[in-house]
Amino acid sequence: MNTPSVFDSFNAKNLNAAQIAKTFVPPKQFNELIERKSSILVGPRGSGKTTLMRMLEMETLKNWNNDGSKKFKNKIDFIGVFVPTDRIWRDQIEVLEKESSSDEIKKFISNALFSSHILTRLCAAFIDRLRVDDSYNLTNFKSISLSRSSESELVESLALYWDVNPIRPTMKSLYDAVIRRWGESTTLMSRLSSMEKDEANDFMKSLGESWHTNFRVFSENSIRLFSNHCDTSDEIWAFLFDELELAPDIIISDLVELARGASGKVLYKLSLAPYIPHIKIAGNMFSAMPGNDFQPIQLWYEKKDAELYDFFNQLVRQMLIERGVEELDLEKVIDTPENITHNELFSKMWDVDTSLRELLKRKKISKDISGLSEDKRSSVIRKIAPIVRVREAHLKASKDGRLMYKTLNRYPDYYGGVKSLAAILEGNPRWIIGVMSPLIKKYAETGEKIKLHDQVFEINKTCQRYISLLKVIPCRFNPNQEPTGVNKLIDRIGSFFQKSIHMDKIELDNKNCFVIQKNIPKDIQVSLGAALNAGALVYLSGTSSKFALNTLEDRVFRLSYLLAPKYKLPLSIHASGKLTEVLQGLEKMQGDLLDE
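We now turn to the structure provided with this report. (Residues numbered from 1 in each chain as written. Predicted model: local features only at pLDDT ≥ 70, side-chain atom pairs only at ≥ 80, totals over all residues. Heavy atoms only, no water.)

Before going further, it helps to examine the overall build of the protein chain. In terms of regular secondary structure, the protein chain is built from 25 helices and 13 strands. Out of the 596 residues in the protein chain, the part that is buried amounts to 54%. Partitioning the contacts of the protein chain with sequence separation of at least 6, the portion at a separation of at least 24 is 75%. With the model as given, the accessible surface of the protein chain reaches about 26,200 Å², and the carbon-plus-sulfur share is 47%. (Helix = DSSP H or I, 4+ residues; strand = E, 2+ residues; numbered from the N terminus. Buried < 20%, exposed > 50% of the residue type's maximum accessible area, 1.4 Å probe, protein only. Contact = heavy atoms within 4.5 Å. Areas by Shrake-Rupley, 256 points an atom, 1.4 Å probe, with all protein chains shown as cover.)

Printed below as a string of structure tokens:
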């Protein structure tokens, strides 16, 4: 298969069902997603939301036959109806709503268009469900055998309810009629949006009942009709709504309510970006019963943990298998930097780094830390070790004793090795595939261990491409000036943390995270929210119940570890500073950032 590049969408729009099932190894969150309760997946662009959703469709399940798939497939006891959010469809609804003369008409247009959109996906799911037989290896779903007359009755019943006219009494013809309805709905709603209120009310009354029915009632009644004709009334269905951050606000709000109050027979699984400024999703959801009415699933890793490494290992091993490589011990495939113990590290840097030596002396710690108490190791050594290690990788002492950067034309080996790669790539499937594909290709061809130089070279390429992506995200620093790219704002943040980690004295509170205060201009907050959704920032939710945000204020964030090599930062979390401190004053920032 052709592996997508790092900035191709790793999702169903570019991969067919067989490719999705072949390439994607589900993380731990997939097990949570297939639980029967309604779910909300929250993650940045490229975090695999679309792929996770598509894995629950009948057609993808049929093709999912790699190692470990059976135990997951046999847990799935619902039929997935994948409903993507199309940017063109979103823009179309918003344009029509702006032209409408009343809120009632806006709501009618949104519901009618959304219902028609859902209907196309639901009809396709009905056809997929009728195809299920023993070849699918899905133990929770029986085969449905409809005679020609029974299929005709089913088509007639659905067509009557949907107000469509299929040319022939077959499911395929019914699907064609549904597609025509979708096209007609756009034309009808466009006409409606241009009418005056009284004329629009008369026009809406002239439309059939199906155009007025709430999309939830419409879709659930359609499932009942299908189930009654196919004798599958005991089956559960799940609507898999993807990329809802692209949907109009009114639809997001309605769907959030559905996920909170879904019936036992119809589930709602929604995927969202972390930041949606106009909808109080987290507040609404957590006013319900978390873990009972719904299951929030966070698709990003705040810290390096076993789940992050496990997902990286599984996906890279699967890529090796596809290249015909049987060696699945990644430590034997990927070169790792020379290990240096804490004792060796601190002894070496004692002679190089004056500020480290002064800090250790203040803490009554000598150059030789081998006999240090566990309390001192915990409160000092382990706390600053990541900073000492990254300083050792980048800095050296000049002749007059001052620290200066080593002369490097590439990232140091510190950013190589299995664990560093896993951390830098953040569990993002697109990033992992983009970085590891050329490395694995070379390994499969030569059999030589993937060198540290090659690893950091691919990281560098990916980082530069990603920064180019950030350039197209607008950031307005001043209402009277044209917006620039959000990459300049990210660069200011990264540069501040680089100084904190390398040029400032080592303390127990060197900063590489930040808090956004209320006095940060809204335009800048919106741009930072877009950067968060693109994966450039990582939200450190901690113990907060806010798994999705409509405001960034008073929240803690770090830069993505993909940007850590560019700014010479450690792959770890340290102290937080206020964003105003990071930016060193908004007026100065506005002038500096706008200068090329």
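Attention shifts here to the sheet that holds strand S10 (residues 511–515). Ordered in space as S11-S12-S10-S13, the four strands form an open sheet in which the pairing is mixed. Strands at the two margins of the open sheet, each flanked by one partner only, are strand S11 (537–539) and strand S13 (575–578). With direction set aside, neighbouring strand axes in the sheet form an average angle of 40°. Contacts from helix H22 (residues 486–503) reach S10, S11 and strand S12 (556–559) within the one sheet, and its direction differs from that of S10 by about 135°. (Pairing = 2+ DSSP bridges. Axes fitted to C-alpha atoms, helices over the stretch in contact; angles between N-to-C directions.)

To continue, consider the nonpolar core. Soluble globular proteins tend to pack their nonpolar side chains together in the buried interior. Formed by 170 residues in total, the largest nonpolar core has its most connected members in Trp162, Phe239, Phe241, Phe312, Phe346 and Met436. For this core, the leading source of residues is helix H7 (residues 103–131), giving nine residues. Among residues more than four places away in sequence, those in contact with Met436 are Phe312, Val316, Met319, Ile334 and Leu421. (Core = buried A, V, L, I, M, F, W, Y, C linked by side-chain atoms within 4.5 Å.)

A word on the environment of Phe218. Along the polypeptide, Phe218 turns up in helix H11 (residues 215–230). Accessibility expressed as a relative area gives 2% for Phe218, which makes it buried. With residues near it in sequence (within four places) discarded, Phe218 still touches Ser115, Leu119, Tyr161, Trp162, Arg181, Ser210 and Thr213.

Right, let's get into the side chain of Gln525. Within the secondary structure, Gln525 is located in helix H23 (residues 522–533). Gln525 gets classed as buried once you look at its relative accessible area, which sits at 3%. Discounting chain neighbours no more than four positions away, the residues touching Gln525 are Tyr275, Ile516, Gln517, Lys518, Ile520, Thr551, Leu552 and Glu553.

For any pair of aromatic rings, the description consists of the separation of the ring centres together with the inter-plane angle of the planes. Under the criterion given, the structure shown has 21 aromatic pairs. Note on Trp64 and Phe72: the rings are 6.0 Å apart at their centroids and 25° apart in plane angle, and the pair reads as stacked. The pair Trp64 / Phe72 is uniform in exposure class, with both members buried. A network of ring pairs unites the aromatic residues Trp300, Phe496, Phe497, Phe514, Tyr539 and Phe557 as a single cluster. Looking at Arg558, its charged tip hangs above the ring of Tyr561, at a distance of 3.8 Å from the centre. (Phe/Tyr/Trp six-rings, centres within 6.5 Å; stacked < 30°, edge-to-face > 60°. Lys NZ or Arg CZ within 6 Å of the ring centre and 35° of its normal.)

Turning next to H7. Taking 1.5 Å of rise per residue, 29 residues should cover 42 Å, and H7 covers 42 Å from first to last C-alpha, within 8% of that figure. Counting buried positions along H7 yields 23 of 29 residues, so the element is predominantly enclosed. (Expected span 1.5 Å × (residues − 1).)

Take a negative patch on the surface next. Together, Glu196, Asp198, Glu199 and Asp202 make up a region of like negative charge exposed at the surface. In this structure, Asp202 sits in helix H10 (residues 197–206). On the basis of relative accessibility, which here comes to 53%, the residue Asp202 falls in the exposed class. (Patch = residues over 30% accessible without salt bridge, like charges linked within 9 Å, V, L, I, M, F, W, Y side chains within 5 Å. Salt bridge = Lys/Arg side-chain N within 4 Å of Asp/Glu carboxyl O. Lys, Arg positive; Asp, Glu negative; His and termini not counted. Charge placed at Lys NZ, Arg CZ, Asp CG, Glu CD.)

Further remarks concern H23. Here H23 spans 16 Å end to end across 12 residues, near enough to the 16 Å set by a 1.5 Å rise per residue. Gly535, located one to two residues past H23, shows a positive phi value of around 95°.

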